[in-house]
Amino acid sequence: MDKDILRMQTDEIFKTDLLIIDDLGTELTTSYTAEVFFDLLNSRINDKKQTIINTNLSLTEVQKVYSERITSRIIGNFTQLKFLGEDIRVNL
């Protein structure tokens, strides 16, 4: 992929008014992806951009997968909402 196109796409993720991160914790987590994720979260928080994070991980599991810096940003800047109910994927 062209580096300019990749940079433009990355800029859009950082600057979009609302970013929805779906299924956090299912991605391949490396030190590089964790650093980019921290930079993304931190930048969006500082810029007061809205972000929604969806995950099946508990806060304890998030702390095991991600660094303390990432976890503290999530705990300190997001409202946790728990959705309860049957998993519709089980009956497929």
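Just so we're clear, the structure is a prediction, and the values are computed from it rather than from any experiment.

### A word on the packing of helix 1 (residues 3-15) against helix 2 (residues 31-46)
- Running from N to C, helix 1 and helix 2 point in directions that differ by 45 degrees, and their axes come no closer than 9 Å. Between helix 1 and helix 2, the crossing angle belongs to the class labelled oblique. Together, Ile13, Phe14 and Lys15 of helix 1 and Asp39, Leu40, Ser43 and Arg44 of helix 2 make up the contact between the two elements.
- Here the residues of the contact of helix 1 with helix 2 are counted per class, giving three nonpolar, one polar and three charged.

### Brief notes about the packing of aromatic side chains
- Within the structure shown, the criterion is met by one aromatic pair.
- Taking NZ or CZ as reference, Arg69 lies 3.7 Å from the ring centre of Phe38, over its face.

### Points about the pattern of salt bridges
- All told, the structure shown has three salt bridges when counted by the stated rule.
- Of the charged contacts in the structure, one is a salt bridge between Asp17 and Lys49, with a shortest N-O distance of 3.4 Å. In this pair, Asp17 sits in the loop between helix 1 and strand 1 (18-21) while Lys49 sits in the loop between helix 2 and strand 2 (50-53), placing the two residues 32 residues apart along the sequence.
- Note on Asp17: relative accessible area 60%, which makes it exposed.

### Some words on the layout of surface pockets
- In this model, the largest pocket occupies a volume close to 740 Å³.
- Contributing to the lining of the largest pocket are 21 residues, with Ile53, Asn54, Thr55, Gln80 and Leu81 lying nearest its centre.
- At the level of elements, strand 2, helix 3 (59-65) and helix 4 (68-77) are the ones that each hand at least two residues to the lining of the largest pocket.
- Of the residues in the lining of the largest pocket, the class split is twelve nonpolar, seven polar and two charged.
- Each pocket or cavity is described by its volume, and for the second largest pocket that value is around 480 Å³.
- Sorting elements by how many residues they give to the lining of the second largest pocket places helix 2 first, with seven residues.

### Some thoughts on the nonpolar core
- Grouped together as the largest cluster of nonpolar side chains are 13 residues, with contacts concentrated most on Ile21, Leu24, Phe37, Leu40, Tyr66, Ile70 and Ile74.
- Of all elements in the fold, only strand 1, helix 2 and helix 4 reach the threshold of two or more residues within this core.
- Of the residues forming this core, the biggest block, five residues, is contributed by helix 2.
- Beyond its immediate chain neighbours, meaning those up to four positions away, Tyr66 contacts Leu24, Gly25, Glu27, Thr29, Phe37 and Thr71.

### Considerations on the environment of Asp4
- Take Asp4: it is sitting in helix 1.
- With relative accessibility at 55%, the residue Asp4 sits in the exposed group.
- Residues Asp4 and Thr16, spaced twelve residues apart in sequence, show a C-alpha to C-alpha distance of 18 Å.

Here is what the cut-offs are and how they apply
Residues numbered from 1 in each chain as written. Predicted model: local features only at pLDDT ≥ 70, side-chain atom pairs only at ≥ 80, totals over all residues. Heavy atoms only, no water. Axes fitted to C-alpha atoms, helices over the stretch in contact; angles between N-to-C directions. Helix = DSSP H or I, 4+ residues; strand = E, 2+ residues; numbered from the N terminus. Parallel < 35°, antiparallel > 145°, perpendicular 65-115°, else oblique. Contact = heavy atoms within 4.5 Å. Nonpolar A, V, L, I, M, F, W, Y, C, P; charged D, E, K, R; others polar. Phe/Tyr/Trp six-rings, centres within 6.5 Å; stacked < 30°, edge-to-face > 60°. Lys NZ or Arg CZ within 6 Å of the ring centre and 35° of its normal. Salt bridge = Lys/Arg side-chain N within 4 Å of Asp/Glu carboxyl O. Buried < 20%, exposed > 50% of the residue type's maximum accessible area, 1.4 Å probe, protein only. 1 Å grid on protein atoms, 1.4 Å probe; cavity = no way out; pocket = protein on both sides within 12 Å on 5 of 7 lines; lining within 4 Å. Points joined across faces, edges and corners; volume = space filled by probe spheres on them. Core = buried A, V, L, I, M, F, W, Y, C linked by side-chain atoms within 4.5 Å.

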